[in-house]
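A structural walkthrough
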Amino acid sequence: NFIHRDGGGLPTTSMTSSYYQEPKLFGKWSYDDIKVDDISVQDYISLEGKCSVWLPHTAGRYAAKRFRKAQCPIVERLVNSLMMHGRNSGKKIMAVRIVKHAFDLINIMTKENPIQVYVKAVMNAGPREDTTRIGSAGVARRQAVDVSPLRRVNVAIHHMTSGARTSAFRSLKTIAECLADEIVYASQDKVNSFAIKKKDEIERVAKSCR
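Residue positions are counted from 1 within each chain, in the order its sequence is given. Restriction of local features to residues with pLDDT of at least 70 applies here, the model being predicted, together with a cutoff of 80 or more for giving and counting side-chain atom pairs; totals for whole chains, interfaces and linings are based on all residues. Values shown for side chains rest on all heavy atoms present in the structure; no hydrogens or waters enter the calculation.

1. A look at the pattern of salt bridges
The salt bridge criterion pairs a side-chain nitrogen of Lys or Arg with a carboxyl oxygen of Asp or Glu, the two atoms within 4 Å. Evaluation of the coordinates by the stated rule reveals six salt bridges. Lysine 28 is the salt-bridge partner of aspartate 104, the closest N and O atoms lying 2.9 Å from each other. Of this pair, aspartate 104 sits in helix α3 (residues 92-110) while lysine 28 sits in the loop between β1 (24-25) and β2 (29-30); the two residues are 76 residues apart in sequence, bridging distant segments of the chain. When accessible area is computed with a 1.4 Å probe and restricted to protein chains, residues below 20% of their type maximum are described as buried, those above 50% as exposed, and intermediate ones as partly exposed. The class for aspartate 104 is partly exposed, based on a relative accessible area of 21%. The residue arginine 210 makes a salt bridge to glutamate 129 at a minimum N-O spacing of 3.0 Å. With arginine 210 in the segment after α7 (194-208) and glutamate 129 in strand β3 (residues 129-134), the pair connects residues that are 81 residues apart, well separated along the chain. We classify glutamate 129 as buried; its relative accessible area is 14%. Secondary structure elements follow DSSP: runs of H or I of four or more residues count as helices, runs of E of two or more count as strands, with numbering from the N terminus.

Put into C-alpha cells, the structure is as follows:
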C-alpha cells in the first residue's frame with residue numbers, strides 16, 4: 001500500500017487519524033460516559049485526557065511533589081494500593097493482573113462498566129468527617145474535623161484494598177474475587193463492605209467528638 005509521507009518521512013495526519021482508537025482500559029472498558037456525581041471529589045478522580053490509559057501502569061513520578069498524586073489515573077491508584085505488605089512491594093504487574101481479573105468479575109456481577117462501579121465505590125467509601133488530636137502536655141482530646149476531598153479518595157482506596165486483602169488471607173477466594181466483592185458492595189453502599197463499615201465507624205466517632 002502506498003502511504004503519503006511528509007518531509008520528515010512520517011505518515012501525514014490525514015493518514016494517521018484513521019488509525020486513532022479511543023483508549024479503553026485493558027482494551028475492554030470505555031472511559032466515555034463515566035459520571036462522577038459527587039462534585040467535591042471530581043477534581044481528584046482522574047479519568048480524562050492523559051489519565052484515560054490502556055494499562056494502569058504509567059510509571060509516573062506521582063510521589064515527587066505534594067498533591068501530584070491527584071493526577072494519577074484513578075485505576076492506577078488502586079493498583080498501587082494493592083502493592084502493600086512487604087512481600088507484595090514492587091510487584092506492579094501482579095497488581096495490574098489482579099485488578100484486571102477483578103474488573104472482569106465486576107462486569108459479570110453487575111452487567112455495568114466496572115470503571116463506573118469503581119468510581120461509585122470510591123465516592124461512597126470516603127469518610128466525610130474524622131477526628132484529630134487536640135491539646136498538648138498530656139491533656140489530649142479528640143476534635144471532629146471535615147475531611148478534604150483528596151484524603152476522602154485516598155482513604156476510600158486504602159480501605160477497599162485492605163478489606164480485600166484481609167478477606168482473601170487464608171481463604172479459598174482469590175484476591176481478585178475479594179476485591180471485586182469489596183468494590184461492588186462499596187458501590188451499593190452495603191455494610192458487607194469493609195470500607196463502608198470503616199467509614200461509618202469513623203463518622204460515628206467524629207459525631208460524638210463534635
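On we go.
2. Some remarks on helix α6 (residues 175-187)
One less than the number of residues in a helix, times 1.5 Å, gives the span that helix is expected to have. Between the first and last C-alpha of α6 there are 18 Å, a value that for 13 residues agrees with the 18 Å anticipated at 1.5 Å per step. Burial of α6 is extensive: 10 of the 13 residues sit out of reach of the surface. By the burial criterion, the buried members of α6 are Ala176, Cys178, Leu179, Ala180, Asp181, Glu182, Ile183, Val184, Ala186 and Ser187. Contact definition: two residues touch when any of their heavy atoms are within 4.5 Å. In the core, the buried residues of α6 are packed alongside α2 (74-82), α3, α4 (114-125), α5 (149-168) and α7. Looking one or two residues past α6, aspartate 189 carries a phi angle of roughly 60°, positive in sign.

3. Let's talk about the nonpolar core
We call a set of buried Ala, Val, Leu, Ile, Met, Phe, Trp, Tyr and Cys residues a nonpolar core when their side-chain atoms join them within 4.5 Å. Residues Ile45, Phe103, Tyr118 and Ile183 are the most contacted members of the largest nonpolar core, which totals 46 residues. Listed by contribution, the elements that provide at least two residues to this core are α2, α3, α4, α5, α6 and α7. Considering every element that reaches this core, the biggest residue donor is α4, with eight residues.

4. Some remarks on the layout of surface pockets
In this structure, the largest pocket encloses a volume near 320 Å³. Contributions of two or more residues to the lining of the largest pocket are made by α3 and α5. Take the lining of the largest pocket: its biggest share by element is four residues, from α5. Under the grouping applied here, Gly and all other residues not named as nonpolar or charged are polar, the nonpolar ones being Ala, Val, Leu, Ile, Met, Phe, Trp, Tyr, Cys and Pro and the charged ones Asp, Glu, Lys and Arg. By residue class, the composition of the lining of the largest pocket is seven nonpolar, four polar and three charged. Estimated volume of the second largest pocket: approximately 240 Å³. As for the second largest pocket, its lining consists of Tyr62, Lys69, Cys72, Arg77, Asn80, Ser81, Met84, Asn154, Ile157 and His158. Among the secondary structure elements, those contributing two or more residues to the lining of the second largest pocket are α2 and α5. Per-class residue counts for the lining of the second largest pocket are four nonpolar, four polar and two charged. A pocket here means an open set of points on a 1 Å grid, computed over the protein atoms alone, that has protein on both sides within 12 Å along at least five of seven lines. A cavity is instead a set of points where a 1.4 Å probe fits but cannot get out; residues with an atom within 4 Å of a point line either one. Grid points are joined across faces, edges and corners, and a volume is the space filled by probe spheres set on the points.

5. Digging into the packing of aromatic side chains
Between 30 and 60 degrees the pair is tilted, below 30 it is stacked and above 60 it is edge-to-face, where a pair is any two Phe, Tyr or Trp rings, Trp via its six-membered ring, whose centres lie within 6.5 Å. Scanning all chains against the criterion turns up one aromatic pair. Where phenylalanine 103 meets tyrosine 118, the ring centres are 6.1 Å apart and the plane angle is 50°; that geometry is what we call tilted. Residue phenylalanine 103 is located in helix α3, and its partner tyrosine 118 is located in helix α4; the two are separated by 15 residues in the primary sequence. Classification of tyrosine 118 by relative accessible area gives buried; the value is 0%.

6. Quick word on the side chain of serine 52
Among the structural elements, serine 52 can be located in the loop between β2 and α2. Given the relative accessible area of 16%, serine 52 is considered buried. Polar contacts, as counted here, are pairs of nitrogen or oxygen atoms within 3.5 Å of one another; within protein the pair requires one atom able to donate a hydrogen and one able to accept it, and residues that are adjacent in sequence qualify only if both atoms are side-chain atoms. For serine 52, the side chain forms a polar contact with the main-chain oxygen of glycine 49, separated by 2.9 Å.

7. Quick notes on the environment of histidine 101
Looking at the secondary structure, you find histidine 101 in helix α3. C-alpha of histidine 101 to C-alpha of asparagine 113: the two residues are 12 residues apart in sequence and 14 Å apart in space.

8. Regarding unusual backbone geometry
Its identity as a non-glycine residue notwithstanding, arginine 170 has a phi of 55°, on the positive side. Positionally, arginine 170 belongs in the loop between α5 and α6. Unlike most non-glycine residues, aspartate 189 shows phi in positive territory, near 60°. Relative to the elements of secondary structure, aspartate 189 occurs in the loop between α6 and α7. Overall, aspartate 189 belongs to the partly exposed group, its relative accessible area being 42%.

So yeah, pure geometry; function would need other evidence.
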